[in-house]
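# Structural characterization, general
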Amino acid sequence: MVRHSKLQKQVLTLYRQFLLAAQDKPGFIPRIRDEFRANAAIKKTDVMHIEYLYRRAQRQLELLKDVNTKQLGSFSKTKEDN
Amino acid sequence: KMFACISFTRSAVAFRNCRTLVLVRYAQTAAAPAPEPKIKKFQIYRWDPDTPGDKPRMQTYEIDLNTCGPMVLDALIKIKNEMDPTLTFRRSCREACLNKIDTNTSKVMKIYPLPHMYVVKDLVPDMSNFYAQYKSIEPYLKKKDESKQGKEQYLQSIEDRQKLDGLYECILCACCSTSCPSYWWNGDNHLSLLINFTIINLPMIDSRDDFTEERLSKLQDPFSLYRCHTIMNCTKTCPKGLNPGKAIAEIKKMMATYKEKRSSAI
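Owing to the predicted nature of the structure, the values given are computational and were not obtained by experimental measurement.

## A look at the overall build of chain A
When helices and strands are counted, chain A shows 3 helices and 0 strands. For chain A, the succession of helices and strands along the chain, N to C, is α-α-α. For 82 residues, the compact-globule estimate of 2.2 N^0.38 gives 12 Å, and the C-alpha radius of gyration of chain A, at 16 Å, exceeds that figure by more than 25%. By principal-axis analysis of the C-alpha atoms, chain A measures approximately 55 × 35 × 25 Å. Going through the 82 residues of chain A one by one, you find that 21% of them count as buried. Total accessible area on chain A is roughly 7,000 Å²; 54% of this is exposed by carbon and sulfur atoms. When the 17 positive and 9 negative side-chain charges of chain A are each reduced to one mean point, those points stand 9 Å apart.

Spelled out as structure tokens, the structure:
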């Protein structure tokens, strides 16, 4: 059975931290899930890209944990019948 | 009796010698001869992490120096406006980008982001570590007695104000810390390595601040101050011509007297 590499474990702990931090704040969890699912497609060998995203995520995690962040909302286009 | 002045009006020219009239006329109507295009090559570090599979690379741009301002930042802005709008850089670089373009067109000019810093995109480095360290030294005046805050100015003698003269001009460009090899090896591992904050650590030198002793005691550990081995890259690179190396030496002196006081007190 192939074990997770160090980097994979780091990404997984980061995911857990994100979900923990977003518990009480509405609107973050779907966004977090989408982002992580989309980036799961990156090859394991592309370490530079993964590390860049990891650093970016840590910065965003700091913002999330900040007391002043309350919720996340988004606008989406709806089909309008003319 | 040739007058080279072109600002003479046509009527005034009429009184001159016929030959000179014709020559001055030509000078007025003909434009200055177009200067030959001085093409200079710029090799710029590019990396876009948002496009998958992109690797860092050097991209070459050619600019005619006659159509561009003298500074490197002018060249970058011109490239961004006319040739490649995807080139990313921090606009505030104006203060730091004081280098004139070397007009020698046979040499290629290479532009890299700040050394040993994580790159966010193209020439933009991740400065969050730098700012966190800046925040940790508490770069503001602290008084023991806060009751008079805001009521009137804190006075200071002229000699004390002169002590601040090489220090307050710092623009926090991070050129000094990122040029120091000691900072490269120890900058983020040991968070207590306070960057070339000594320039920024105005409050320590400022006579209006009361917390000098506490600030000095914060620097006691072997990493904050003593990683400096007087490499002096900082002074060489400072775009404002300040001397961070000297400021660090001053603080080391202050530390020495502080230690003496402590050991004599015990």
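This is not the end of the story, as more comes after the structure.
## Remarks on the confidence of the model for chain A
For chain A, mean pLDDT is 86; residues scoring 70 or higher make up 98% of the total. Looking at the elements of chain A, mean pLDDT is at its lowest for helix α2 (residues 28-39) of chain A, recorded as 88, and at its highest for helix α1 (residues 6-21) of chain A, recorded as 91.

## Concerning the UniProt feature "domain: Complex 1 LYR protein" (unreviewed entry) in chain A
With numbering matched to this structure, UniProt assigns "domain: Complex 1 LYR protein" (unreviewed entry) to residues 9-62 of chain A. Secondary structure across residues 9-62 of chain A divides into 76% helix and 0% strand, with the first and last C-alpha atoms of the span separated by 20 Å.

## Observations concerning the environment of A:F28
Mapped onto the elements of the fold, A:F28 is located in helix α2. In this structure the C-alpha to C-alpha distance between A:F28 and A:L7, which are 21 residues apart in sequence, comes to 24 Å.

## Digging into the packing of α1(A) against helix α3 (residues 47-65) of chain A
In helix packing, the relevant descriptors are the interaxial angle and the interaxial distance, both defined with respect to the helix axes. All names here are of chain A. Relative to each other, α1 and α3 sit at 20 degrees, their axes nearing to 11 Å. If you check the angle between α1 and α3, you find them roughly parallel. Crossing hand, α1 versus α3: left-handed. For the pair α1 and α3, contact is made by L7, Q10, V11, L14, Q17, F18 and A21 and by V47, I50, E51, Y54, A57, Q58, Q60, L61, L64 and K65, respectively.

## Quick notes on the packing of aromatic side chains
Residues and elements named next belong to chain A. Per the counting criterion, the structure on display carries 5 aromatic pairs over all chains. Plain terms: the ring middles of Y15 and F36 are 4.6 Å apart, the flat faces sit at 35 degrees to each other, and that makes the pair tilted. With Y15 in helix α1 and F36 in helix α2, the pair connects residues that are 21 residues apart, well separated along the chain. Given the relative accessible area of 22%, Y15 is considered partly exposed. One aromatic cluster in this structure is built from Y15, F18 and F36.

## Topic: the domain arrangement of chain B
Interface size is commonly expressed as the accessible surface area that is lost when the partners come together. All names here are of chain B. Looking at the assigned domains, one finds that chain B contains domain 1 (39-121) and domain 2 (127-141 + 158-265). Of the roughly 900 Å² buried at the junction of domain 1 and domain 2 (both faces included), carbon and sulfur atoms supply 71%. Put simply, domain 1 and domain 2 have 0 salt bridges between them. Residues that form the side of domain 1 that touches domain 2 fall into these classes: 5 nonpolar, 1 polar and 2 charged.

## A short note on the state of the cysteines
In total, this model carries 0 disulfides over all chains according to the counting rule given. Cysteine B:C180 is unpaired, with the sulfur of B:C234 as its nearest cysteine sulfur at 6.5 Å.

## Examining unusual backbone geometry
All names here are of chain B. Despite not being glycine, D122 has its phi angle at roughly 40 degrees, a positive value. Position of D122 among the secondary structure elements: in the loop between β4 (119-121) and β5 (124-125). Its relative accessible area of 0% is what places D122 among the buried residues. One non-glycine residue, T230, adopts positive backbone phi at about 50 degrees. By the element assignment, T230 lies in the loop between α10 (212-218) and α11 (233-237).

Conventions adopted
- Residues numbered from 1 in each chain as written.
- Chains lettered and ligands numbered in written order.
- Predicted model: local features only at pLDDT ≥ 70, side-chain atom pairs only at ≥ 80, totals over all residues.
- Heavy atoms only, no water.
- Helix = DSSP H or I, 4+ residues; strand = E, 2+ residues; numbered from the N terminus.
- Rg over C-alpha atoms; globule rule 2.2 N^0.38 Å.
- Buried < 20%, exposed > 50% of the residue type's maximum accessible area, 1.4 Å probe, protein only.
- Areas by Shrake-Rupley, 256 points an atom, 1.4 Å probe, with all protein chains shown as cover.
- Lys, Arg positive; Asp, Glu negative; His and termini not counted.
- Charge placed at Lys NZ, Arg CZ, Asp CG, Glu CD.
- pLDDT = per-residue confidence, 0-100.
- UniProt positions renumbered as here; feature names shortened; annotations may be inferred.
- Axes fitted to C-alpha atoms, helices over the stretch in contact; angles between N-to-C directions.
- Parallel < 35°, antiparallel > 145°, perpendicular 65-115°, else oblique.
- Left-handed = near helix turned anticlockwise from the far one by under 90°.
- Contact = heavy atoms within 4.5 Å.
- Phe/Tyr/Trp six-rings, centres within 6.5 Å; stacked < 30°, edge-to-face > 60°.
- Domains from an automatic or database assignment.
- Buried area = accessible area lost by both parts, 1.4 Å probe.
- Salt bridge = Lys/Arg side-chain N within 4 Å of Asp/Glu carboxyl O.
- Nonpolar A, V, L, I, M, F, W, Y, C, P; charged D, E, K, R; others polar.
- Disulfide = S-S within 2.5 Å.

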